[in-house]
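Secondary and tertiary structure notes
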Amino acid sequence: MDGKALGLKIREEVKIKAAAIKAKGITPCLAVVLVGEDPASLSYVTSKEKALEEAGMESRDIRLPESTSENELLSIIKELNNDNKVHGILVQSPVPKHINEENVIEAVAPEKDVDCFHPVSVGNMILEKGGFLPCTPHGVLKLLREYNIQVAGAHVVIVGRSNIVGKPLANLLIRKEYNATVTLCHTGTKDLIKHTLQADILIAAAGRPAFIKPDMIKNGAIVIDVGINRVEDASAKKGYRVCGDVDPCAADRASFFTPVPGGVGPMTIAMLLQNVIESAQRSLSK
Ligand code: NAD
């Protein structure tokens, strides 16, 4: 499953929508806040900013030093909440250890919470009360739809129960519009392989490099690899390479699989841009 191609297609659609909004006098804008200099975080925010610019949207880049206090960060978020030129706010995770991440998530106004991390956004998502859909889970659903994968009635096994991937994905898949039966596995799951072997659709989001081995996959299953892990590799130019949670040899057993890189990652960015457009469109109708 080519997430890069589908991501680009969605970004082209977003570009057209952005131009239409701009014609009405508003430039869709995402504030991207990065505290500190974590190299992986820097690379994530740079690619998001580049994607925004390519789509003709504004990226309000806010780089803050590692020493930024929690209060300073919270007051910047408050300013962005009150700035009607800003349609979305993204604070790149993780924030430095001296800052309480929950307070940061809860400081972002739900109407600008394009990541769908705020408890109000999560509640609305679970109760199907509208609002933004979380980017990575939404990207996975788009991929399944694009490849006409039969999700209704399928047994989906998700490995990983994080707030940003596993939990929201399970909640979306059990909606009537998807009608999947979901098993959510985690570190407390006994005999993981017993569950993964039952999956018609297996979604790996454990953050463990190449941890899902071929013998854990039912022949012909659909395998979605959400993992993005950096592993040391002296032969690579940067000294590391990026790999997923699924052993690449497992692709032979799958009927469809998402590569890493080029699978779910590009979909996450595309869905983020789409959420910013949705927010800008809402501001037009206010
Ligand atoms: P996380 O570390 O917050 O959560 C990992 C989850 O996996 C935990 O709930 C844990 O219970 C489970 N887990 C870990 N080891 C396990 C094991 N041995 N057996 C069963 N369950 C186990 O991770 P996250 O933020 O959800 O990210 C997961 C992976 O997805 C990471 O590699 C991350 O980089 C990647 N990710 C990719 C995207 C994307 O756009 N493709 C977006 C978000 C996260």
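In the block above lies the structure referred to throughout.
Note that the coordinates shown come from a computational prediction; the quantities given were computed from them, not determined experimentally. (Residues numbered from 1 in each chain as written. Predicted model: local features only at pLDDT ≥ 70, side-chain atom pairs only at ≥ 80, totals over all residues. Heavy atoms only, no water.)

What to know about the overall build of the chain
The number of helices and strands found in the chain is nine helices and ten strands. Taking 19 Å as the expected radius of gyration for a compact globule of 286 residues, we find that the chain reaches 19 Å, a close match to that expectation. Seen through its principal axes, the chain has C-alpha atoms that stretch 50 × 40 × 35 Å. Burial status across the chain gives 47% buried among its 286 residues. When contacts within the chain are restricted to residue pairs at least 6 apart in sequence, long-range pairs at least 24 apart make up 70% of them. (Helix = DSSP H or I, 4+ residues; strand = E, 2+ residues; numbered from the N terminus. Rg over C-alpha atoms; globule rule 2.2 N^0.38 Å. Buried < 20%, exposed > 50% of the residue type's maximum accessible area, 1.4 Å probe, protein only. Contact = heavy atoms within 4.5 Å.)

Side note on the pairing of strand β2 (residues 58-64)
Inspection of the sheet shows strand β1 (residues 29-35) paired to β2 by seven bridges, in the parallel sense. Its bridge partner being in β2, C29 is matched across the sheet by E58. In this fold, β1 hands off to helix α2 (residues 39-54), which returns the chain to β2; that crossover is right-handed. (Pairing = 2+ DSSP bridges. Right-handed = clockwise from strand over helix to strand, strands pointing away.)

A look at the sheet that holds β2
Across a sheet, strands are paired by hydrogen bonds formed along the backbone, either parallel or antiparallel in direction. If you walk across this open sheet you meet the three strands as β2-β1-β3, and the pairing is parallel. Both outer strands of the open sheet, β2 and β3 (88-91), are each paired with one neighbouring strand and no more. Each strand axis lies, on average, 15 degrees off the axis of its neighbour in the sheet, ignoring direction. Relative to β3, β1 runs parallel, the two being bridged by four bridges. (Axes fitted to C-alpha atoms, helices over the stretch in contact; angles between N-to-C directions.)

Structural notes on the packing of α2 against helix α9 (residues 264-284)
Look at α2 against α9: their axes get within 10 Å of each other, and the N-to-C directions meet at 55 degrees. The orientation of α2 relative to α9 falls into the category oblique. The interaxial crossing formed by α2 with α9 has right-handed handedness. Residue-level inspection shows S47, K48, A51 and L52 of α2 in contact with α9, the latter providing I269, L272 and L273. (Parallel < 35°, antiparallel > 145°, perpendicular 65-115°, else oblique. Left-handed = near helix turned anticlockwise from the far one by under 90°.)

Concerning the packing of aromatic side chains
Under the counting rule described, the total for this entry stands at one aromatic pair. Taking the ring centre of F132 as reference, the NZ or CZ of R282 above it sits at 4.5 Å. (Phe/Tyr/Trp six-rings, centres within 6.5 Å; stacked < 30°, edge-to-face > 60°. Lys NZ or Arg CZ within 6 Å of the ring centre and 35° of its normal.)

Section: the sheet that holds strand β4 (residues 155-159)
Overall, parallel pairing links the five strands, which are arranged β5-β4-β6-β7-β10 in an open sheet. Looking at the sheet topology across the chains shown, the edges are occupied by β5 (181-185) and β10 (256-257). Direction of pairing for strand β7 (residues 222-225) relative to β10: parallel, over a ladder of two bridges. If you follow V223 over to β10, its bridge partner there is F257. Sitting on the sheet, helix α7 (residues 166-173) is in contact with β4, β5 and β6 (201-204), with an inclination near 170 degrees to β4.

Details of the nonpolar core
Note on soluble globular proteins: their nonpolar side chains tend to be buried together. Core analysis: the largest hydrophobic core is formed by 53 residues, its most contacted members being L144, L173, I201, I203 and I224. Among the elements that line this core, the one with the most residues is α9, at ten residues. Dropping the residues within four chain positions of it, I203 is found in contact with V140, V156, V157, I158, V159, L169, L173, I224 and V226. Counting residues in hydrophobic clusters, the runner-up holds 16 residues, among them C29, V33, I77 and V91. (Core = buried A, V, L, I, M, F, W, Y, C linked by side-chain atoms within 4.5 Å.)

Digging into unusual backbone geometry
Here the amide bond leading from S93 into P94 is cis, since omega sits at 0 degrees, within 30 degrees of zero. The residue P94 is located in the loop between β3 and α4 (101-107) in this model. The linkage connecting V260 with the following residue, P261, adopts the cis geometry, with an omega of -5 degrees. Structurally, the position occupied by P261 is in the loop between β10 and α9. Phi at C116 takes a positive value of approximately 60 degrees, unusual for a residue other than glycine. One can find C116 in the loop between α4 and α5 (119-126). Owing to a relative accessible area of 4%, C116 belongs among the buried residues under this scheme. With a phi close to 50 degrees, A210 is a non-glycine residue in the positive phi region. As for its position among the elements, A210 is in the loop between β6 and β7.

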